[in-house]
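# Breakdown of the fold
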Amino acid sequence: MWLALCLGLPPVVVLLALVLTQSLSIGPALAAAAVIALFAGIAAWLLLADLDRLAAILDRMGAGAALRPRESQPLLPFFRPLAAQLAHFARRGAAEAARLAERRGIDETIVERLPDALLILDTKQTVIRTNTAARAAFGAEIPAVLRHPELRGAIGRALASGTAETVDVTIPVPTERTVRASILSLNHAPSSHIVLVLSDRTREHAIERMRADFVANASHELRTPLASLIGFIETLRGPASDDPPAQRRFLGIMASEAARMQRLIDDLLSLSRIELVEHQPPTGAVDLAVLLPRITAGFEPRLAERHIQLSLRLAPNLPQVIADADQITQVVQNLLDNAVKYGREKGTIRLTAEAHGAGASFAVTDDGPGIPRQHLPRLTERFYRVDKGRSRAIGGTGLGLAIVKHIVNRHRGQLTIESTEGNGSTFRVWLPAAAAKARGSAP
Ligand code: ADP
């Protein structure tokens, strides 16, 4: 209304002046005023409508929304370049906003899906953000984790120096684990943050410890017979140099110590050869009904030494198994060897085989003293023995069952050990059937 008045006022003033100076009569002046009022109204309406459109464009730009084409087209031609420019900015703004939203979504997904626990802390060490891995690993224990003295110290150092810190800590909650904490201080004014990444290193630590233990154990096992050999050589050169009966006795002991070293080295080499191919399952097919009798035949002399009977019972419907014949021979030999060593003198060893699930299993059972329950889970560890002295005395290396376990793992099979003290032990091996290769699953 006011706009129409402003637009119409100047021509009306001119008309009034013309009427007052009697240059124009009142009739035509009124008609001209009516026309001027109509045009002023239309012009005001057009201007307001276009200003509304421009305001709508600015509104949508502010909200980062896309423009509706009809809305952004002004009615008055002289507004069109301005509207076009605004529309261009609006489109650029919307595209930028969409790009930022997409980037933010990707960043969010990366943070959430990181396999390691990630925590963001403020300068007061209050947690302001965690990712899925952190919540899954530590849950409600996050405050307790952050109270760990070494971790607190490292976070404090990172905050003070503004640099990165790395520290390995053992965290007792919720379950004990070793984590490597990488701490990064982000100093961007006006606030600073700490990014804390906790990577679980429990497995790596256990492997490192196992490797160190293995080297120490292997050296120790070799050093004992070696020390005895060196001792006897000294004796043979010195005090026993003129004593043939003592020489014969010492040479006998030396031969058995050397044989022990040889067995140990053979077993160590065997183990490392198996480990080298453990990730490649065998491809051959083996008929247990043919292999098992062949192996037991080779055991006759050892059985005779301890007056042990061997009973072999094979189920008639045995499927062929996917196996490496040499390695399965080694498994059966190691299990029979243990049954002879630890079984009862004049006792019986049973070797049975049957179809089982999508494969076949064979079992070696002795009627020896059995194995106390608490030792069962650790029997397949390298150098683990229930009775160290007894194993050494009867020529054991402590590696037989570790070799069995690794071979069975390579075959994607299963080893189970059952034993009751005083009632003998059963070592059972399951292997996938050759025909069931595709669907082969453990029983
Ligand atoms: P070793 O060379 O000492 O026999 P193994 O790895 O073959 O090493 O066996 C590990 C330990 O498991 C043995 O020292 C022994 O204590 C125990 N063990 C294995 N087989 C039997 C068995 N049939 N009866 C009783 N104990 C056994």
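Positions within a chain are numbered from 1, following the residues in the order the chain's sequence is written. Where local features are concerned, this predicted model is filtered to residues with pLDDT of at least 70; where side-chain atom pairs are given and counted, the filter is 80 or more; whole-chain, interface and lining totals use all residues. By convention in this description, side-chain values take in all heavy atoms of the structure and omit both hydrogens and water.

## Comments concerning the packing of helix H9 (residues 288-298) against helix H11 (residues 325-342)
- Closest axis-to-axis distance for the H9/H11 pair is 10 Å, and the angle between their directions is 50 degrees. Here H11 runs oblique to H9, going by the angle between their axes. For the element pair H9 and H11, the recorded crossing hand is right-handed. Along its contact with H9, which presents Leu288, Leu291, Leu292, Ile295 and Thr296, the element H11 presents Ala325, Ile328, Thr329, Val332, Gln333 and Leu336.
- Looking at the contact of H9 with H11 residue by residue, the class counts come to eight nonpolar, three polar and no charged. All axes here are fitted lines through C-alpha atoms, helices being fitted over the stretch that makes contact, and every angle between N-to-C directions spans 0 to 180 degrees. Helix numbers and strand numbers start at the N terminus; a helix is a DSSP run of H or I with at least 4 residues, a strand a run of E with at least 2. Oblique is the label for any angle not under 35 degrees, not over 145, and not in the 65 to 115 range, which are roughly parallel, roughly antiparallel and roughly perpendicular in turn. Put simply, a crossing is left-handed when the front helix is turned counterclockwise from the back one by less than a right angle, and right-handed when it is turned clockwise. Note on definitions: a residue-residue contact is assigned when non-hydrogen atoms from the two residues lie within 4.5 Å. Under the grouping applied here, Gly and all other residues not named as nonpolar or charged are polar, the nonpolar ones being Ala, Val, Leu, Ile, Met, Phe, Trp, Tyr, Cys and Pro and the charged ones Asp, Glu, Lys and Arg.

## Concerning the sheet that holds strand S4 (residues 177-188)
- Strands were regarded as paired on the criterion that DSSP finds at least two bridges between them. Read across the open sheet, the five strands follow the order S2-S1-S5-S4-S3; overall the sheet is antiparallel. Strands with a single pairing partner mark the edges of an open sheet, and in this sheet they are strand S2 (127-130) and strand S3 (165-171). Pairwise comparison of adjacent strand axes, ignoring direction, gives a mean angle of 25 degrees for this sheet.
- The pairing of S3 with S4 spans seven bridges and is antiparallel. Bridge pairing in S4 places Thr170 opposite Thr178.
- Of the strands in this sheet, strand S1 (117-121), S3, S4 and strand S5 (191-200) touch helix H6 (residues 149-161), which is tilted by about 165 degrees from S3.

## Focus on the domain arrangement of the chain
- Residue ranges for the domains originate in an automatic or database domain assignment. As assigned here, the chain comprises domain 1 (2-106), domain 2 (114-200), domain 3 (205-276) and domain 4 (285-439).
- Here domain 1 and domain 4 have C-alpha centroids that lie 96 Å from each other.

## Concerning the side chain of Thr352
- Tracing the chain through its elements places Thr352 in strand S9 (residues 348-356).
- Not counting residues within four places of it along the chain, the set of residues in contact with Thr352 comprises Arg313, Ser361, Phe362 and Ala363.

## Observations concerning the site of the ligand
- We define proximity as follows: a residue is near a molecule or strand when any one of its heavy atoms falls within 4 Å of that partner. Around the ligand sit 19 residues, and of these Tyr342, Ser391, Thr397, Gly398 and Leu401 come closest.
- Within 3.5 Å is the distance limit for a polar contact, defined as a pair of N or O atoms, with the added protein rule that one can donate a hydrogen and the other accept it, and that residues adjacent in sequence qualify only through two side-chain atoms. In the model, an oxygen atom of the ligand is placed 2.8 Å from a nitrogen or oxygen of the Asn338 side chain.
- For the ligand, an oxygen atom lies 3.2 Å from a polar atom in the backbone of Gly400.
- Elements that contribute at least two residues to the shell around the ligand include exactly H11, helix H13 (400-410) and strand S12 (425-432).
- Element by element, the count of residues in the shell around the ligand is highest for H11, at three residues.
- Considering only residue class, the shell around the ligand consists of eight nonpolar, seven polar and four charged.

## Concerning a nonpolar patch on the surface
- Where nonpolar side chains cluster on the molecular surface, the patch consists of Ile106, Ile110 and Leu114 and spans about 240 Å² of accessible area.
- By the element assignment, Ile106 lies in helix H3 (residues 80-113).
- Judged by its relative accessible area of 44%, Ile106 falls in the partly exposed class. Surface patches are defined over residues having more than 30% relative accessible area and no salt bridge, joining like charges when they lie within 9 Å and nonpolar side chains (Val, Leu, Ile, Met, Phe, Trp, Tyr) when within 5 Å. Under the convention used here, a 1.4 Å probe and the Shrake-Rupley method define accessible areas, while residue burial counts only the protein chains that appear. Note on definitions: salt bridges are taken to be side-chain nitrogens of Lys or Arg within 4 Å of carboxyl oxygens of Asp or Glu. Buried, partly exposed and exposed residues are distinguished by accessible area as a fraction of the type maximum, computed with a 1.4 Å probe on protein chains only: under 20%, between the cut-offs, and over 50%, respectively.

## Examining the environment of Asp287
- With respect to the helices and strands, Asp287 occurs in the loop between strand S6 (285-286) and H9.
- Expressed as a C-alpha distance, the spacing of Asp287 and Pro319, which sit 32 residues apart in the sequence, is 7.3 Å.

## Looking at the pattern of salt bridges
- Enumeration according to the criterion identifies 16 salt bridges in this entry.
- As a salt-bridge pair, Arg180 and Asp168 come within 2.8 Å of each other at their nearest N and O atoms. Placement of the pair is Arg180 in strand S4 and Asp168 in strand S3, with a sequence separation of 12 residues.
- Residue Arg378 is joined to Glu381 by a salt bridge in which the shortest nitrogen-to-oxygen separation is 2.8 Å.
- Take Arg378: its relative accessible area is 40%, and that puts it in the partly exposed class.
- What you see here is one network of salt bridges that share partners, running through Glu108, Glu112, Arg129 and Arg135.

## Some remarks on helix H7 (residues 202-237)
- Here H7 spans 52 Å end to end across 36 residues, near enough to the 52 Å set by a 1.5 Å rise per residue.
- Among the structural elements, helix H8 (244-277) and helix H12 (388-393) are those in contact with the buried residues of H7. For a helix, the expected span equals 1.5 Å multiplied by the residue count minus one.

## Let's talk about the side chain of Arg385
- As for its position among the elements, Arg385 is in the loop between strand S10 (359-365) and H12.
- There is a polar contact of 3.2 Å between the side chain of Arg385 and the backbone oxygen of Thr397.
- Those residues within four positions of Arg385 in sequence are excluded, and the remaining contacts are Glu221, Ser391, Arg392, Gly396, Thr397 and Gly398.

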